[in-house]
Amino acid sequence: MAAQGAPVVGIGLRAPHYAQVLERRPDLAFLEVHSENFFGDGGAPLAWLERFRGAYPLSLHGVGLSLGSADTLQERHLAKLEALVHRFEPLLVSEHLSWSSIGGRHANDLLPLPYTEEALALVIERVDRVQERLGRPILLENVSTYHAFAESSIPEWEFVAEVARASACRLLLDVNNVHVNAFNHGFDARRYLAAIDPASVAEIHLAGFEEADGCLIDTHGAPVSPEVWSLYEAAVARFGAQPTLIEWDTDIPALDVLLGEARKARAILVPREVGATARALP
Amino acid sequence: MKALGVLQGEFLESLLRDDEAPPRVAIYRRNVLAALSGALEAAYPVTLRLVGAAFFLEAARTFARATPSTSGDLHAYGGEFPEFLSGYSHARALDYLADVARLEWACHESSLAADAGGFDFEALARVPPQRAAAIRFTLAPAVRLVASPHPVVSIWEANQPGRDGTPRTTTGAEHALVWRADGEVRVERLGEGEWGALAAFARGATLAEASGCLGADAAAFLGDGLARHVRDGIVAAFAAPGEAM
């Protein structure tokens, strides 16, 4: 994995920036796209992805597999993902530690799991099957949640750590989601980080949240907050300089705003090279 | 304790209802509706412009509760929206709306359809002239054909970005050809005969059968029309007489 040695920062690439990124070729270590945006059989999206693949390493980040659903794994979805992975040979492939469908009905949103022994066993078994099917390890991302099930019997951080330990997958640690959940559910974000095996984290996500009615909402529509930058520093100290991604999905700003956030992340990854990094970036 | 599937079923059910919800559940409810209505807005931009944002959102909510998403890929959501609009009481005065939406879904499908291979001109040249009438041409995967008693192409064109929304005509049937060039979806108005010939190809008809749709226009179609459709990749392949499709 390219993560070893050089600290690397990428951005989540969304349609408004497609042409600019190819034209300007900003100094980014990788581009992350939502896998489902390239599930079509042909046409412009796949043609764009071919061009991105020629310019940068790719990360395929899935939002729709519904890994934690009690329904059986969706064969059609998995087949699309498998074809995409084989065609584009991405650097990273990731999905979410959540569910989004049941009884064949989809919410198309990342829904919270009840943290129970049953859910834990199901997720571990599913991760194994997906990895076997794709012929490669995947990363699982911790999600932001607003609702907690009364049935939960395992703290989120223990659930996440156990999924990584028991299946051969590694974690995509979303530091913003840890902060959002710590606030929403009243736990200590640093205790969460301390529960995760340092060797199990292989990517970090950073994004912005918004506050409404005393709840933090993970909108991916704002700059990374000072508290999350501070938590990111703690995460880098514990997990090392893992590939880090800036995500922005609603009210998408100018590309330079994202590149500015990427620069900030890089400054934390390589404090001694801040000046050099800033000069190297456009 | 309730099984995982039961907890998930109850939670999802609570997101699709329209009653009072605890504030934290309401966040998810808003997210789900935003995802689904956002997918519809992306697939139906002209319909959205014709009815306005508030009307569209209300229609999208009503549709979403009646027609749940069945895929983790949001691009697959919303194919039944035109049918829903045709029976939506608040849209009754807009008799063309459902057909405009059908044209938009055709565009959406076209944008994601497989790329066509190159046309095999050499193989076509090897078909003996006396057997040409039995050739079955096939259309590219990105081609869609939409017919309506309303001027849907004119309405669609007038509501593209930068246009003022005034269609060139407000009455009369129109026949739309949807295709793709260089990854970009095109919408074009065809004469009824030419549209009928392409629709006949789509059904697996022979060249002779398709020409039957053209009447007096048959000569022009066989002269230039067909050649143009082949050149533009609309007619993408053919099966020679006796070959399996």
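Residues numbered from 1 in each chain as written. Chains lettered and ligands numbered in written order. Predicted model: local features only at pLDDT ≥ 70, side-chain atom pairs only at ≥ 80, totals over all residues. Heavy atoms only, no water.

Remarks on the overall build of chain A
Here comes step 1: Secondary structure summary: chain A contains ten helices and twelve strands in total.
Here comes step 2: Whereas a compact globule of 282 residues would reach a radius of gyration of roughly 19 Å, chain A reaches 18 Å, a difference of no more than 12%.
Here comes step 3: Buried residues in chain A amount to 59% of all 282 residues.
Here comes step 4: Nonlocal contacts in chain A, meaning residues at least 24 apart in sequence, comprise 78% of its contacts between residues at least 6 apart.
Here comes step 5: As displayed, chain A offers around 10600 Å² of accessible surface, 52% of which is attributable to carbon and sulfur atoms.
Here comes step 6: Computing the positive centroid from 23 side-chain charges and the negative centroid from 38, chain A places the two 7 Å apart. (Helix = DSSP H or I, 4+ residues; strand = E, 2+ residues; numbered from the N terminus. Rg over C-alpha atoms; globule rule 2.2 N^0.38 Å. Buried < 20%, exposed > 50% of the residue type's maximum accessible area, 1.4 Å probe, protein only. Contact = heavy atoms within 4.5 Å. Areas by Shrake-Rupley, 256 points an atom, 1.4 Å probe, with all protein chains shown as cover. Lys, Arg positive; Asp, Glu negative; His and termini not counted. Charge placed at Lys NZ, Arg CZ, Asp CG, Glu CD.)

Considering the confidence of the model for chain A
Residue and element names in this part refer to chain A.
Here comes step 1: Scored by pLDDT, chain A has a mean of 93; 93% of the residues are at 70 or more.
Here comes step 2: Contacts of residues 1-5 to residues separated by more than four positions or lying in other chains number eight contacts, the stretch itself having pLDDT below 50.
Here comes step 3: Counted against residues more than four places away or in other chains, residues 272-282, with its pLDDT under 50, gives twelve contacts. (pLDDT = per-residue confidence, 0-100.)

What about helix α1 (residues 4-16) of chain B?
Here comes step 1: Along its 13 residues, α1 of chain B runs 19 Å from first to last C-alpha, staying within 8% of the 18 Å computed at 1.5 Å per residue.
Here comes step 2: The complete set of buried residues in α1 of chain B reads L4, L7, Q8, F11, L12, S14, L15 and L16 of chain B.
Here comes step 3: Buried-residue contacts for α1 of chain B involve β5 (99-102), β6 (105-111) and α4 (117-134) of chain A together with α2 (23-43) and α4 (53-66) of chain B. (Expected span 1.5 Å × (residues − 1).)

Thoughts on the environment of V185 of chain B
Here comes step 1: By the element assignment, V185 of chain B lies in strand β4 (residues 184-190).
Here comes step 2: Apart from residues no more than four positions distant in its own chain, V185 of chain B is found in contact with C107, S110, S111, V178, W179 and R180 of chain B.

Quick notes on the sheet that holds β4 of chain B
Residue and element names in this part refer to chain B.
Here comes step 1: In spatial order, the strands read β2-β3-β4; together these three strands make up an open sheet with antiparallel pairing. The open sheet has two edge strands, β2 (144-148) and β4, and neither has a second partner. Shown here is a sheet whose adjacent strand axes are inclined to one another by a mean of 25°, direction ignored.
Here comes step 2: Across seven bridges, strand β3 (residues 174-181) lies against β4 in antiparallel orientation. (Pairing = 2+ DSSP bridges. Axes fitted to C-alpha atoms, helices over the stretch in contact; angles between N-to-C directions.)

Regarding the interface of chain A and chain B
Here comes step 1: Residue-level contacts link 44 residues of chain A with 36 residues of chain B.
Here comes step 2: On the chain A side of the contact with chain B, R105, N108 and Y146 of chain A bury the most area, a combined 21% of that side's loss.
Here comes step 3: Our count for the contact surface shared by chain A and chain B stands at one salt bridge.
Here comes step 4: The tally of links from chain A across to chain B stands at 16 residue pairs in polar contact (both at pLDDT 80 or more).
Here comes step 5: Among the secondary structure elements, those contributing two or more residues to the side of chain A that touches chain B are α2 (44-55), α3 (75-88), β5, β6, α4, α6 (175-185) and β11 (215-217) of chain A.
Here comes step 6: With seven residues, β6 of chain A is the single largest residue contributor to the side of chain A that touches chain B. (Buried area = accessible area lost by both parts, 1.4 Å probe. Salt bridge = Lys/Arg side-chain N within 4 Å of Asp/Glu carboxyl O. Polar contact = N/O pair within 3.5 Å; in protein donor to acceptor, adjacent residues only side chain to side chain.)

Considering the layout of surface pockets
All names here are of chain B.
Here comes step 1: Reported here for the second largest pocket is a volume of approximately 420 Å³.
Here comes step 2: The element that contributes the greatest number of residues to the lining of the second largest pocket is helix α6 (residues 97-112), accounting for four residues.
Here comes step 3: Class assignment for the residues of the lining of the second largest pocket results in five nonpolar, nine polar and seven charged. (1 Å grid on protein atoms, 1.4 Å probe; cavity = no way out; pocket = protein on both sides within 12 Å on 5 of 7 lines; lining within 4 Å. Points joined across faces, edges and corners; volume = space filled by probe spheres on them. Nonpolar A, V, L, I, M, F, W, Y, C, P; charged D, E, K, R; others polar.)

Brief notes about the pattern of salt bridges
Here comes step 1: Under the criterion given, the structure shown has 24 salt bridges over all chains.
Here comes step 2: The salt bridge partner of R102 of chain B is D99 of chain B, with a shortest N-O separation of 2.4 Å. In this pair, R102 of chain B and D99 of chain B are both assigned in helix α6, three residues apart and thus about one turn of the helix distant.
Here comes step 3: Judged by relative accessible area, which is 11%, D99 of chain B ranks as buried.
Here comes step 4: R228 of chain B is the partner of D232 of chain B in a salt bridge, and the nearest nitrogen-oxygen pair spans 2.8 Å.
Here comes step 5: Beyond isolated ion pairs, a larger network of salt bridges with shared partners links E75, E82 and R133 of chain A.

Quick look at empty space enclosed by the protein
Residues and elements named next belong to chain A.
Here comes step 1: Under the defined criterion, the tally for this structure stands at one cavity of 30 Å³ or more.
Here comes step 2: Size it by volume and the largest cavity reaches roughly 30 Å³.
Here comes step 3: Along its surface, the largest cavity is lined by V63, G64, L65, S66, L67, E95, H96, S98, W99, S100 and L110.
Here comes step 4: Secondary structure elements with two or more residues in the lining of the largest cavity: β4 (92-96) and β5.
Here comes step 5: Of the residues that constitute the lining of the largest cavity, the class distribution is five nonpolar, five polar and one charged.

Observations concerning the sheet that holds strand β7 (residues 139-141) of chain A
All names here are of chain A.
Here comes step 1: Pairing within the closed barrel is parallel, and its eight strands lie in the order β1-β2-β3-β4-β7-β8-β9-β12. Along the sheet, successive strands turn relative to each other by an average axial angle of 25°, direction set aside.
Here comes step 2: In terms of strand pairing, strand β1 (residues 9-12) meets strand β12 (residues 244-246) through three bridges, oriented parallel. Paired with I11 across the strands is I246, a residue of β12.
Here comes step 3: α6 rests against β7, β8 (170-174) and β9 (201-206) of the sheet, and its axis sits at about 65° to β8.

Structural notes on unusual backbone geometry
Here comes step 1: The phi torsion at S66 of chain A lies on the positive side, around 60°, for a residue other than glycine.
Here comes step 2: You will see that D182 of chain B, though not glycine, has its phi angle at about 50°, which is positive.
Here comes step 3: Looking at the element boundaries, D182 of chain B is found in the loop between β3 and β4.
Here comes step 4: Using a relative accessible area of 80% as the deciding quantity, one classes D182 of chain B as exposed.

Topic: the packing of aromatic side chains
All names here are of chain B.
Here comes step 1: Within the structure shown, the criterion is met by 26 aromatic pairs over all chains.
Here comes step 2: Between Y44 and F81, the aromatic rings sit 5.2 Å apart at their centres with planes inclined by 55°, giving tilted as the arrangement. Residue Y44 is located in the loop between α2 and α3 (45-51), and its partner F81 is located in helix α5 (residues 81-86); the two are separated by 37 residues in the primary sequence.
Here comes step 3: Overall, the relative accessible area of 1% leaves F81 in the buried class.
Here comes step 4: With centroids separated by 5.9 Å and ring planes inclined at 80°, the aromatic side chains of F55 and Y88 adopt a geometry described as edge-to-face. (Phe/Tyr/Trp six-rings, centres within 6.5 Å; stacked < 30°, edge-to-face > 60°.)

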